Amino acid sequence: MSVLHYVFKRHPSYTAPVKSKDQLTFHSGFRRFSSCPVFSQHTSADKHKFERFLPTDTTSVASVFAPVTFPPMPTLLFTEDATTGEQSLVATGSLYQVNPDRMVIRRVMLTGHPFKIHKKSAVIRYMFFDRADIQWFKPVELHTKYGRRGHIKEPLGTHGHMKCVFDGQLKAQDTVCMSLYKRVYPKWPNKPVSAQNISPEVTEDTDMS
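Cut-offs used in this document
Residues numbered from 1 in each chain as written. Predicted model: local features only at pLDDT ≥ 70, side-chain atom pairs only at ≥ 80, totals over all residues. Heavy atoms only, no water. Core = buried A, V, L, I, M, F, W, Y, C linked by side-chain atoms within 4.5 Å. Buried < 20%, exposed > 50% of the residue type's maximum accessible area, 1.4 Å probe, protein only. Contact = heavy atoms within 4.5 Å. Helix = DSSP H or I, 4+ residues; strand = E, 2+ residues; numbered from the N terminus. Pairing = 2+ DSSP bridges.

Looking at this structure, how should I read the nonpolar core?
Taken as a class, soluble globular proteins show a tendency for nonpolar side chains to be buried jointly. If you look at the biggest cluster of nonpolar residues, it comprises 18 residues, and the most contacted ones within it are Tyr-6, Phe-8, Val-18, Phe-26, Val-64, Leu-77 and Val-90. For Val-18, the residues in contact, after removing those within four places along its chain, are Arg-10, Leu-24, Phe-39, Arg-52, Phe-53, Leu-54 and Val-90. Phe-128, Ile-134, Phe-166 and Val-176 belong to the second-largest nonpolar core, a separate cluster that totals 13 residues.

Following this line, the structure appears as structure tokens:
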């Protein structure tokens, strides 16, 4: 077992949203298995942005735990109806690489608002509500909606107010943001796929033999 990364293109016949970590069925060469893929952007960078849903207009990389296979292996992605057991084709693609070190990163944005503004410094509130949290995230850089950049200088009081310094004076309608990043891992597969509900053709061929 390893972490396999597949490049998929959504099939135009399937229009329902496909969410990351949903249970899907992979038909990869002679293997058929069920897993919960994590979708990410298909780029040449060393870190790849997590995608909550499978995009409709571009290719995406699906990362799963699966038996090691040699690329490029043609792969079909199916979803199974919970009531009828019928499978619908979601996407087509191939195996991209086997690499447990490929990093899928999810971004979380914390926002705050100026409370008092004095030249290049400002008191920011509503980003944190505890003094200890401000001390913990103090080294992280801040940026604003209008392009200003700065950092946390010190916490004020015990209710989440903090003094920040920027490269210019803030506007009253500006929003202060802090970007945080977390690595995302695919879920371990726990539901095997039986040969009886793959397709009618496979079942008929098996019975005849």
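Still more ground to cover, so stick around.
What am I meant to see in the pairing of strand E2 (residues 24-28) here?
Consecutive residues of a regular strand have side chains that alternate between opposite faces of the sheet. Counting buried residues in E2 gives five out of five residues, a clear majority hidden from the surface. Alternating positions in E2 separate into two faces, Leu-24, Phe-26 and Ser-28 on one and Thr-25 and His-27 on the other, with burial throughout. By the bridge criterion, five bridges tie E2 to strand E3 (residues 31-35) in an arrangement that is antiparallel. Bridging from a neighbouring strand, Thr-25 pairs with Ser-34 of E3. Linking two consecutive strands that pair antiparallel, namely E2 and E3, is a turn of two residues; a positive phi of about 60 degrees is found at Gly-29 within it.

On their own, these measurements won't tell you what the molecule is for.
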